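Residues per chain, in single letters:
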Amino acid sequence: MTINWFRAVLYRLALLLLLCTLFGLLIDQLAWTLAAGLALHTLWTLRQLLRFQNWLKNHPNELPPDARGVWHDIFDSIYQMQRRDARHRQRLQAVIDRIQSSTAALKDAVVMVDREGHLEWWNHAAERLLGLRAPADSGQTVTNLIRDPRFVSFFEQGAYRETLDIHSPIDANVWLQYAITRYGEGERLMVVRDVTRLHNLEQMRKDFVANVSHELRTPLTVVVGYLETLTDNVDEINPRWKRALLQMQQQGRRMQSLLNDLLLLARLETSDTAAETKPVAVERMLATIRQDAQALSGEQNHRITLEALSDRRLLGVEGELRSAFSNLVFNAVKYTPAGGDIHVRWWVDDNGAHMSVRDNGVGIAPQHISRLTERFYRVDSSRNSNTGGTGLGLAIVKHVLIRHDGELKIHSAVGQGSSFTCHFPLKRLV
Ligand code: ADP
């Protein structure tokens, strides 16, 4: 195409020069006619350029102006290119329209956020659930519109491995679950679901367990109380009943500790930590737990050592931390044969504060480790009934740690022993 144009231009110019030369020779004014011919050609080319510019600028969607020769080819090629472009754009727009109308029909809110955190696009459900308004909120920073601090830190932390459940910014009775995915070059897609029904069911379950535990506590206290009175006078009892009464008393105590653990878990799930938080002297707390553990060990004579390497205080709820730490230490006593070693350690480093309990007891097989913190999960139920455990201890530890921004790490090998380590972030230290 380019070569054709080039040839046509050369041919036209050569023809013009030839005519001007002949005419110049005829009137004996060769230089002037050549100059006039070239000037005319330049003026004509300039005129075509101006028409071209006028068409592109003012009437790009209309047919190109009439032209002949090379200029006709140029106008025509550009016109074809524009038509092709327009068809492409229409096709893309149709795809975008289809995607937008299908996401608009979704019950879940879908929000597109650009790499700077500004709102780009959202569907109808986002207006209903989050109160976004089109077009006023377009381009606004998302954290200015959803101001809940939990959402702000969730949005800014950037990992988005988990979802976040919080109240809707426009209706406190509605629970929303936020899930964020990254795509493109740092853009984010936010999907928000209404999980109010699930939350209400979950709340009912928690309330039910808490209420049943609470209601059972008083009758059980009475039963265990009477059993204690009876067994205190064990000599006066018919020997046939003695064994039964002692077993009833033992199981009654077990039920009491089960109810206490259930109530503690229910409280951990519902109350707010912030109110009760204060600096806790972990070093001193561990010293008393060590003494209690030694008492629990009794004649089994475990060697329980404490290595407290820091006197820094940990911001938290004292009762909850005591519960978590003593669960770990008492477990070590329960699952380590008589005479075994148990080492409790508390230290602080650049990564935060850590408390670990290491024993050389029975150990845990790898397939159980990830499930240990589930409620009522037991590695071996027969072994467990001997220890009088409730199966709730590690669930309590996990909940307490979550409420203290901490994490539980478990390492264990069957027959060699286990180590349970609680990690707390530096911001929790005073
Ligand atoms: P339990 O009241 O039964 O001890 P936990 O939730 O405290 O319940 O522990 C769950 C299970 O984890 C226990 O049944 C036991 O099998 C296992 N476990 C916990 N701590 C240890 C440990 N130090 N050594 C070996 N096994 C352990």
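Residues numbered from 1 in each chain as written. Predicted model: local features only at pLDDT ≥ 70, side-chain atom pairs only at ≥ 80, totals over all residues. Heavy atoms only, no water.

A. Structural context of the environment of F155. Assignment of secondary structure puts F155 in helix 6 (residues 149–157). Considered as a pair, F155 and A179 are 24 residues apart in the sequence and their alpha carbons are 9.7 Å apart. Setting aside chain neighbours within four positions, we find F155 in contact with V113, G117, V142, T143, Y160, I180 and R188. (Helix = DSSP H or I, 4+ residues; strand = E, 2+ residues; numbered from the N terminus. Contact = heavy atoms within 4.5 Å.)

B. Local environment of the side chain of D359. Tracing the backbone through its elements, the reader meets D359 in strand 10 (residues 352–359). Notably, D359 is buried but unbridged: the nearest opposite-charge side chain belongs to R358, and the N-O separation is 8.3 Å. Within the structure, D359 has its side chain in polar contact with the backbone nitrogen of G361 (distance 2.9 Å). If we ignore the near neighbours within four places in the chain, the residues touching D359 are A332, T336, D341, I342, Q416, G417 and S418. (Buried < 20%, exposed > 50% of the residue type's maximum accessible area, 1.4 Å probe, protein only. Lys, Arg positive; Asp, Glu negative; His and termini not counted. Salt bridge = Lys/Arg side-chain N within 4 Å of Asp/Glu carboxyl O. Polar contact = N/O pair within 3.5 Å; in protein donor to acceptor, adjacent residues only side chain to side chain.)

C. Geometry of the packing of helix 9 (residues 282–297) against helix 10 (residues 318–334). Relative orientation of the contacting elements helix 9 and helix 10 amounts to 40°, with a least axis distance of 10 Å. Classed by the angle they form, the pair helix 9 and helix 10 counts as oblique. Remark: the crossing between helix 9 and helix 10 carries right-handed chirality. Residue-level contacts link V282, M285, L286, T288, I289, D292, A293, L296 and S297 of helix 9 to E318, L321, R322, F325, S326, V329, F330 and V333 of helix 10. Residue composition of the contact of helix 9 with helix 10, grouped by class: 11 nonpolar, 3 polar and 3 charged. (Axes fitted to C-alpha atoms, helices over the stretch in contact; angles between N-to-C directions. Parallel < 35°, antiparallel > 145°, perpendicular 65-115°, else oblique. Left-handed = near helix turned anticlockwise from the far one by under 90°. Nonpolar A, V, L, I, M, F, W, Y, C, P; charged D, E, K, R; others polar.)

D. Broad picture of unusual backbone geometry. Here the residue pair A134 and P135 is connected by a cis peptide bond, since its omega of 0° sits within 30 degrees of zero. Positionally, P135 belongs in the loop between helix 4 (124–130) and helix 5 (142–145). Unlike most non-glycine residues, D28 shows phi in positive territory, near 65°. Mapped onto the elements, D28 comes out in the loop between helix 1 (2–27) and helix 2 (30–58). By relative accessible area, D28 is classed as exposed at 66%. Of note, D405 is a non-glycine position whose phi angle comes to about 55°, a positive value. Summarising the element assignment, D405 is placed in the loop between helix 13 (393–403) and strand 11 (407–413). By relative accessible area, D405 is classed as partly exposed at 39%.

E. Spotlight on the pattern of salt bridges. Throughout the structure, instances matching the rule amount to 14 salt bridges. Across the pair E307 and R345 runs a salt bridge whose closest N-O atoms are separated by 3.2 Å. Taken together, the positions of E307 in strand 7 (residues 303–308) and R345 in strand 9 (residues 341–349) put the pair 38 residues apart, joining distant regions of the chain. The partner of E407 in a salt bridge is K409, and the shortest N-O contact between them spans 3.3 Å. Among the residues examined, E407 registers a relative accessible area of 45% and is labelled partly exposed. On the accessibility criterion, K409 (36% relative accessible area) is partly exposed. Taken together, the shared-partner salt bridges connect K278, E318 and R322 into one network.

F. Spatial organisation of a nonpolar patch on the surface. A cluster of nonpolar side chains, namely Y11, L15, L18, L19 and L22, defines an oily patch on the protein surface of about 550 Å² accessible area. Topologically, L19 is positioned in helix 1. (Patch = residues over 30% accessible without salt bridge, like charges linked within 9 Å, V, L, I, M, F, W, Y side chains within 5 Å. Areas by Shrake-Rupley, 256 points an atom, 1.4 Å probe, with all protein chains shown as cover.)

G. How the structure looks around the nonpolar core. In terms of nonpolar packing, the biggest core is built from 42 residues, with F325 and M355 touching the most fellow members. For this core, the elements supplying multiple residues, two or more each, are helix 8 (239–270), helix 9, helix 10, strand 9, strand 10, helix 13, strand 11 and strand 12 (417–424). The greatest single-element share of this core, amounting to 7 residues, is contributed by helix 10. In this structure, this core is formed jointly by two domains, domain 3 (198–270) and domain 4 (275–428), each of which donates at least three residues. Excluding its chain neighbours within four sequence positions, the residues that come into contact with M355 are L286, F325, V329, V344, R345, W346, W347, F420, T421 and C422. Counting residues in each nonpolar core, the second largest holds 24 residues, with A126, I146, F151 and F155 among its members. (Core = buried A, V, L, I, M, F, W, Y, C linked by side-chain atoms within 4.5 Å. Domains from an automatic or database assignment.)

H. The arrangement of helix 2 in detail. When the terminal C-alpha atoms of helix 2 are compared, their 42 Å separation across 29 residues agrees well with the 42 Å that a helix rising 1.5 Å per residue should span. Turning to helix 2, its buried residues are T33, G37, Q48, F52 and W55. (Expected span 1.5 Å × (residues − 1).)

I. Structural view of the domain arrangement of the protein. Once the domains are mapped, the protein shows domain 1 (3–100), domain 2 (106–194), domain 3 (198–270) and domain 4 (275–428). For domain 3 and domain 4, the distance between their C-alpha centres works out to 24 Å. Counting each side, the surface lost to burial between domain 3 and domain 4 is near 1,100 Å², with a carbon and sulfur contribution of 65%. The largest contributions to the domain 3 side of the interface with domain 4 come from R254, L265 and L268, which together make up 53% of the buried area. Remark: the boundary between domain 3 and domain 4 carries 1 salt bridge. Note that E269 and R375 form a salt bridge whose closest N and O atoms lie 2.4 Å from each other. Viewed at the interface, domain 4 and domain 3 are joined by 3 residue pairs in polar contact (both at pLDDT 80 or more). (Buried area = accessible area lost by both parts, 1.4 Å probe.)

J. A look at the layout of surface pockets. For the largest pocket, the calculated volume is near 1,500 Å³. Considering the residues around the largest pocket, the lining is formed by 29 residues, among which R150, T163, L164, D165 and I402 are closest to the centre. Among the elements of the structure, helix 6, strand 3 (164–167), strand 4 (175–183), helix 7 (196–232), helix 8 and helix 13 are those that each provide at least two residues to the lining of the largest pocket. Looking at the lining of the largest pocket, the element that brings in the most residues is helix 7, giving 5 residues. Residue composition of the lining of the largest pocket, by class: 8 nonpolar, 12 polar and 9 charged. Surrounding the second largest pocket, 41 residues form its lining, N327, F330, N331, K334 and G389 being those nearest its centre. Of all the elements in the fold, those that place two or more residues in the lining of the second largest pocket are helix 8, helix 10, helix 12 (381–387), helix 13 and strand 12. Here the lining of the second largest pocket gets 9 residues from one element, more than from any other, and that element is helix 10. Residues lining the lining of the second largest pocket come from more than one domain, with at least three contributed by each of domain 3 (198–270) and domain 4 (275–428). (1 Å grid on protein atoms, 1.4 Å probe; cavity = no way out; pocket = protein on both sides within 12 Å on 5 of 7 lines; lining within 4 Å. Points joined across faces, edges and corners; volume = space filled by probe spheres on them.)

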